[in-house]
Every structure is written in C-alpha cells, then in structure tokens.
Amino acid sequence: MRLRSMMTRAGSSLQSSISCSKQFPSKPKTPNLESEPKLRVYVRKRKLTISKTEEIQPEKPKLESSLIDIEDFSYKKTNGSVLKQGKSSKLLVKVGETPPANWVEVLKGIREMRSSENAPVDTMGCEKAGNSIESPKERRFAILVSSLLSSQTKDQVNHKAIQRLLANGLLSAEAIDQEEVDEETLKKLIYPVGFYTRKASNLKKIAKICLNKYGGDIPSTLEELMLLPGIGPKMAHLVMNVAWENVQGICVDTHVHRICNRLKWVNSTSSPEGTREGLQLWLPKEEWVAINPLLVGFGQTVCTPLRPNCGICSINHLCPSAFKDTPTKSTSSIRRTKKSSISIAKKF
DNA sequence: CTCCGGTAGT
DNA sequence: ACTACGGGAG
C-alpha cells in the first residue's frame, strides 16, 4: 500500500477540555502483573485512587514515547450526547506502560502469516480513492467519502461505488452540494454499498458542511470529523491517518477489537473504542497505522470471528485464547450466543 | 440461515 | 447495552 506524500497540515490541536470521566470501564482486573511486583504495587495504588475519586490530576508520568502524543479530547454528536472522551485517566497510562509479554514476537508472527496469505484486504479502500486525484483537497474528500461508504461493505463494492461517483464527476464537495444532485441520485450511484439510503443522505449533508465550513476541504481534526453525520471513531481515525497523515489514534474495527482481546493485548474491552484506548497505551506509535490492515487481514484469514484457525496459526503457542472456543466478548460472539440459544430453544 | 472492515438512536 | 439499517455471499 502506498501513501502519497503530501503536505501534512500541522493543526489538529485537540485540546478540548475533558471532565474526567466516570465512564472508565470498570474492569480493573489485575492480569499478569503478579510477575512484576514492583509494578503491581504502583498499579494497585493507582487503581484504588481511581475508583475512589473521579478527579485525578496526577503529575505527568514519565512515559514511553508512544504515549505522550495522545491528547485529551471529547466530542459529541449533534444531539449533544458525549460520544467519546479521550484518554480518561492516567491510570490507564500507567498500566499500559507494560506491554503484553511477547508482543513483538506475536506481531512478527502475524506479519509473516500475512505476507504469505492473501487476505481480501490488500489495501485500505480509501487509499485507493485518492490515488488518481491530483488536487489534495479533492483527494482528501474522496478519502472521506470512501471511508463513509466502506463501513459494513466489501472493499470491491465500495471501490466500484467510488468509481461511479468519480465517473459522474461527483467526488467533490462542490459537485455533490449542487441542487440538482439529490439523495436519490446519490443513492443509485452508490448502491449496493451497505446502508446506501442513509449514506446517500449523509453524503449530501457532508458535502454541504465541507463546502460551507471548510471551503470544500474536509475537517482536519478528529473531533470535527466525528461531527460529520455517519463518521464515527473508526472512520475518523482512518481519515486522519490516511488523508491527513496525522496519526491521532489507532483505527480499530471489529477485527482489531476481537484479536486484541483474544491476545489479551487489552484488558477485556467490550467496545472498539475501549480497545483503541487500551491498545494505544502501550503499542508504539510507529505501529499505529500498520496495525489495522495487519490485524484485519489476519482476522479474515486466520483469526476469524467464528472458529478461528488456531491450527494453522504460527503464534498459537503465544496466544492465551488459542484452541479455546467461546473466546472473547466480541459483539459477534455475543450475538451468536444469543441467537444460537434461541434456535436451540426452538428445537426443544 | 448466518456472517459481514460501523453508526446513531433508543 | 441493544438494535435498525441493506444486501450479498457461504
């Protein structure tokens, strides 16, 4: 995959305020810390503090380089509900200072498997979108649109939809915002991407916002991207990574979420956002962009949601979940459990 | 019939 | 936390 070089814009200061969240995932179990007494003491102390008080303003800890760059932020959707708060406490940071054992080896193993395997994901879909476009502004817009369309949609389908938009000259904010381009038109053009009706509507709105507020360009910060209809955390991080080449966080999709939990790379998270935060605590920032395509491909071929192929996995000796069924609490496995128990119930 | 490379509203 | 939104593929 190649990223076109371009000027990265330096903005993106996300210093929004943050009121320390009480939404901190309440799963403070102490996993493998027993082996490191020194750390354990510290962690326990922190943990206690956290659970007692919401407001924590500790001294800036000496962190590994990768963590300094995570900035506090909060963003909300139009209805005013707070969708996400940035890193919520220093506790996470401290715990995260200890990366999971063998993670380097695990990563290396996955890379090797990925290089021999052919995963459906060879590139991130939205990267392709920009390749043939000269103007940086339009290239970024194309990437944004491609991200929007790509959710719950096969890469190929998404790619074709983008090509149709392009062929009709409808891959810029100016073009889409025109009066005569209605949602019906867009809908037909992007069909059959997943949720095309809603996406057509969102596309129209996004074009208007981009034109009116950003001069036809796309927002350059995470929080502003999230304010666009249909753009959530996953896509916002993807766009920051690819369109702006300004890495604010890890793009966590269902694969990254599931695999990180299987590997115990995060502390049993129930949402992709939780996984993102947990992963960012210890994964060196240089890996933040690459980790997504790597794990997505791995998740499609080897570490599948249902019946993972642990037998062919070269790192199964390092995986806490290897050969165990009913693995993590990924959304799909929850759903599966629920449904299968229903169908079992029907049988009897 | 079940699974998908999310998001937003309940 | 739970579910609707769409359609295609296995």
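Heads up: the structure comes first, above all this text.
Residues numbered from 1 in each chain as written. Chains lettered and ligands numbered in written order. Predicted model: local features only at pLDDT ≥ 70, side-chain atom pairs only at ≥ 80, totals over all residues.

S.K.: With reference to specific residues and values, describe the overall build of chain A.
M.R.: The secondary structure content of chain A amounts to 16 helices and 2 strands. The long-range share in chain A, meaning contacts at least 24 apart out of those at least 6 apart in sequence, stands at 67%. (Helix = DSSP H or I, 4+ residues; strand = E, 2+ residues; numbered from the N terminus. Contact = placed C-beta atoms within 7 Å.)

S.K.: Before we move on, could you go through the environment of Glu287 and cite the residues and values that matter?
M.R.: Mapped onto the elements of the fold, Glu287 is located in the loop between helix H14 (272-280) and helix H15 (291-301). Classification of Glu287 by C-beta neighbours within 10 Å gives partly exposed; the count is 15. Sequence spacing of Glu287 and Ile250 is 37 residues, and the spatial spacing of their C-alpha atoms is 8.9 Å. (Buried ≥ 20, exposed ≤ 12 C-beta atoms within 10 Å, placed from the backbone.)

S.K.: How would you sum up the packing of helix H13 (residues 254-262) against H14? Please name residues and give values.
M.R.: Where H13 meets H14, the axes come as close as 9 Å, and the angle between the chain directions of the two elements is 60 degrees. Relative to H14, the element H13 lies oblique. The two elements H13 and H14 meet at a crossing, and its hand is left-handed. Contact residues: Thr254, Val256, His257, Cys260 and Asn261 in H13; Pro272, Thr275 and Leu279 in H14. A breakdown of the residues in the contact of H13 with H14 according to their chemical character gives 4 nonpolar, 4 polar and no charged. (Axes fitted to C-alpha atoms, helices over the stretch in contact; angles between N-to-C directions. Parallel < 35°, antiparallel > 145°, perpendicular 65-115°, else oblique. Left-handed = near helix turned anticlockwise from the far one by under 90°. Nonpolar A, V, L, I, M, F, W, Y, C, P; charged D, E, K, R; others polar.)

S.K.: Please provide a residue-by-residue account of the protein's contact with DNA strand C, values included.
M.R.: Residues in contact with DNA strand C, as listed here, are Gln152, Thr153, Pro192, Gly194, Phe195, Thr197, Arg198, Ser270 and Ser271. Here the surface near DNA strand C is composed, by residue class, of 2 nonpolar, 6 polar and 1 charged. (Near = placed C-beta within 6 Å.)

S.K.: Give me the lowdown on the nonpolar core, citing residues and values where you can.
M.R.: One finds Val145 and Val239 to be the most contacted residues of the largest nonpolar core, which totals 64 residues. No other element matches the 7 residues that helix H6 (residues 136-150) contributes to this core. For this core, the domains that each give at least three residues are domain 2 (104-111 + 251-343) and domain 3 (132-242). Beyond its immediate chain neighbours, meaning those up to four positions away, Val145 contacts Ile162, Leu165, Leu171 and Leu203. (Core = buried A, V, L, I, M, F, W, Y, C linked by C-beta atoms within 7 Å. Domains from an automatic or database assignment.)

S.K.: Please provide a residue-by-residue account of the environment of Ile190, values included.
M.R.: With respect to the helices, strands and loops of the structure, Ile190 is situated in helix H9 (residues 183-190). Since 27 C-beta atoms lie within 10 Å of it, Ile190 is described here as buried. Note: C-alpha distance between Ile190 and Val157 (33 residues apart in sequence) is 8.9 Å. Aside from chain neighbours lying at most four places away, what touches Ile190 is Leu149, Ala161, Tyr196, Lys199 and Ala200.

S.K.: I'd like to hear about H13, residue by residue, with values.
M.R.: Judged by how many residues are buried, H13 sits mostly within the fold: 8 of 9 residues are covered. Listed as buried for H13 are His255, Val256, His257, Arg258, Ile259, Cys260, Asn261 and Arg262. Along its buried surface, H13 packs onto H14 and H15.

S.K.: Lay out the packing of H6 against helix H12 (residues 233-242) with the relevant residues and their values.
M.R.: Look at H6 against H12: their axes get within 10 Å of each other, and the N-to-C directions meet at 150 degrees. Taken together, the axes of H6 and H12 are roughly antiparallel relative to one another. The handedness of the crossing between H6 and H12 comes out as right-handed. In contact with Ile143, Leu144, Ser147 and Leu148 of H6, H12 contributes Met235, Leu238, Val239 and Val242. For the contact of H6 with H12, the class distribution of residues is 7 nonpolar, 1 polar and no charged.

S.K.: Explain H12 residue by residue, including any values.
M.R.: Of all 10 residues that make up H12, 10 are buried, and the element is covered over most of its length. Among all positions of H12, only Pro233, Lys234, Met235, Ala236, His237, Leu238, Val239, Met240, Asn241 and Val242 are buried.

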